[in-house]
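# Structural characterization, general
Residues per chain, in single letters:
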Amino acid sequence: MTADKAIACGLCPHGCRLASGQAGICRARANVGGEIRCLNYGQATALALDPIEKKPLNRFHPGSRVLSYGSWGCNLSCPFCQNSSISLDFEQARRQALALTPKQLVALALEQRSRGNIGIAFTYNEPTVSYEFLIDASALAHDAGLLTVLVTNGYLNEKPWTRLMTQMDAVNIDLKSATQAYYDGLGAPQGLETVKRSISIASALTHIEVSFLVVPDGPGGRTDAGEPLPGNDSVREMEELSAWLASVDPDIALHLLPFRPRWRLIDRAPASQATIDGLAHVARAHLKHVYC
């Protein structure tokens, strides 16, 4: 293969076809010399020792802590992104990132064992765009007796996702909506189908919990295509979503998270506690573990 030939990245459904030197939608993967390379390999923009419940994982070693590692880049474009400074508007974070090898990250995690650390969580930005780093670091973490956690949007192709799930002890997947129209607004072709498949695979291979950010309908906020982003807080949508999750496994924990104005969705009203409570009531008709 010649270095100047355009090649496709096969990691996620975008399938970005990249000319030499060109980066994909996620900005973290590029054609370098005729090969797809992970540009953010070991580039840490955030490190923190977090309660495991913050991931959120309420049914996986509750009361413990986990060393949380974040990098930069994302393969979606959510106008409500809570970590946009490293996921979407990340150039400054990229310049200031700390370079860590997998071995160095594992060493940092081991140093935190005396403070209750059980392992490493890949989180904050979309970690799967650093796929090679996840594979390398998680293998070393397991060799050292550490657990691995992934916090992700689940927007990955089946083969790499399945391999990754064999490397993770727990995963929290952010299910954005029960409709493809909503995923279209986030720049995710085949998003609903892909994430549902990811949830089903993860359920068979590792511990899984699911998050759902409740976004009210209303004015304010545009997608990259300039269209208004609808809400996802209807009873009908929660009924459909929770019933489907229960068909996979009624023991899957569902976390309902309240939207707060962020990034390009600063004019939208925050989700009310009454809305959250009402949707939780709907979800509990299908699922055993629903957290607000």
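Report follows, based on the coordinates.

Procedures and definitions
Each chain has its residues counted from 1, running along the sequence as written. The predicted nature of this model means local features are confined to residues of pLDDT at least 70 and side-chain atom pairs, given and counted, to a pLDDT of 80 or more, with totals for whole chains, interfaces and linings taken over all residues. Note that water and hydrogens are dropped before the side-chain values are worked out from all heavy atoms of the structure. As a rule, the C-alpha atoms of each element are fitted with a line to give its axis, helices using only the stretch in contact, and angles between N-to-C directions run from 0 to 180 degrees. By definition, any uninterrupted DSSP run of H or I lasting at least four residues is a helix, any uninterrupted run of E lasting at least two residues is a strand, and each is numbered from the N terminus. Oblique is the label for any angle not under 35 degrees, not over 145, and not in the 65 to 115 range, which are roughly parallel, roughly antiparallel and roughly perpendicular in turn. For any helix crossing, the convention is left-handed if the near helix is rotated counterclockwise from the far helix by under a right angle, and right-handed if that rotation is clockwise. Two residues qualify as a contact provided that any one of their heavy atoms is within 4.5 Å of a heavy atom in the partner residue. Nonpolar residues are Ala, Val, Leu, Ile, Met, Phe, Trp, Tyr, Cys and Pro. Charged residues are Asp, Glu, Lys and Arg, and all others, Gly as well, are polar. We call a set of buried Ala, Val, Leu, Ile, Met, Phe, Trp, Tyr and Cys residues a nonpolar core when their side-chain atoms join them within 4.5 Å. Three labels apply to residues, based on accessible area from a 1.4 Å probe with only protein chains included: buried if under 20% of the type maximum, exposed if over 50%, partly exposed otherwise in between. The pairing criterion for strands is at least two bridges between them, as found by DSSP. Put simply, a salt bridge is a Lys or Arg side-chain nitrogen that is within 4 Å of an Asp or Glu carboxyl oxygen.

### Comments concerning the packing of helix H5 (residues 158-165) against helix H7 (residues 191-205)
When two helices pack together, their arrangement is captured by the angle between the axes and the distance separating the axes. Direction vectors running N to C along H5 and H7 enclose 30°, while the axes themselves pass 10 Å from each other. The angle between H5 and H7 places the two elements in the roughly parallel class. For the pair H5 and H7, the sense of crossing is right-handed. For the pair formed by H5 and H7, the contact residues are Glu158, Trp161, Thr162 and Met165 on the first element and Arg197, Ser198, Ile201, Ala202 and Leu205 on the second. Class assignment for the residues of the contact of H5 with H7 results in five nonpolar, two polar and two charged.

### Focus on the nonpolar core
If you look at the biggest cluster of nonpolar residues, it comprises 67 residues, and the most contacted ones within it are Phe80, Phe122, Leu254 and Leu256. The contacts of phenylalanine 80, once residues within four sequence positions are left out, are Lys176, Tyr182, Leu186, Leu213, Val215, Leu229, Phe259, Arg262, Trp263 and Leu265. Formed by nine residues, the second largest nonpolar core is a distinct cluster that contains Phe60, Val66, Ile118 and Ala121.

### Here's the deal with the pairing of strand E7 (residues 65-70)
Burial runs high along E7: five of the six residues are buried. Across six bridges, strand E6 (residues 46-51) lies against E7 in antiparallel orientation. Opposite proline 51, over in E7, you have arginine 65 as the bridge partner. For E7 and strand E9 (residues 117-122), the ladder comprises four bridges, and the chain directions are parallel. Looking at the pairing, tyrosine 69 lines up with phenylalanine 122 of E9.

### Section: the pattern of salt bridges
Per the stated rule, a full pass over the model turns up six salt bridges. Residues aspartate 50 and lysine 54 are paired through a salt bridge, measuring 3.6 Å at the closest nitrogen-oxygen approach. Using a relative accessible area of 5% as the deciding quantity, one classes aspartate 50 as buried. For aspartate 251, the salt bridge identified is with lysine 288, shortest N-O distance 3.5 Å. Of this pair, aspartate 251 sits in the loop between helix H8 (235-248) and strand E13 (253-258) while lysine 288 is found in the loop between helix H9 (273-283) and strand E14 (290-291), placing the two residues 37 residues apart along the sequence. On the basis of relative accessibility, which here comes to 37%, the residue aspartate 251 falls in the partly exposed class. The exposure class of lysine 288 is exposed, given its relative accessible area of 57%. What emerges from the salt-bridge pattern is a single network uniting Asp50, Lys54 and Lys55.

### As for the sheet that holds E7
Spatially, E6-E7-E9-E10-E11-E12-E13-E14 is the arrangement adopted by the eight strands of the open sheet, whose pairing is mixed. In the strand order of this sheet, the two ends are held by E6 and E14, each with one partner. When strand E11 (residues 170-174) meets strand E12 (residues 207-214), the two strands line up parallel, connected through five bridges. Bridge pairing in E12 links aspartate 174 to serine 211. The strands touched by H5 within the sheet are strand E10 (147-152) and E11, with E10 carrying the most contacts at an inclination of about 145°.

### A short note on the side chain of lysine 176
Secondary-structure assignment places lysine 176 in the loop between E11 and helix H6 (180-185). Among the residues examined, lysine 176 registers a relative accessible area of 10% and is labelled buried. Residues contacting lysine 176, with those up to four places away along its chain left out, are Leu76, Cys78, Phe80, Asn153, Tyr182, Tyr183, Leu186, Phe212 and Asn232.

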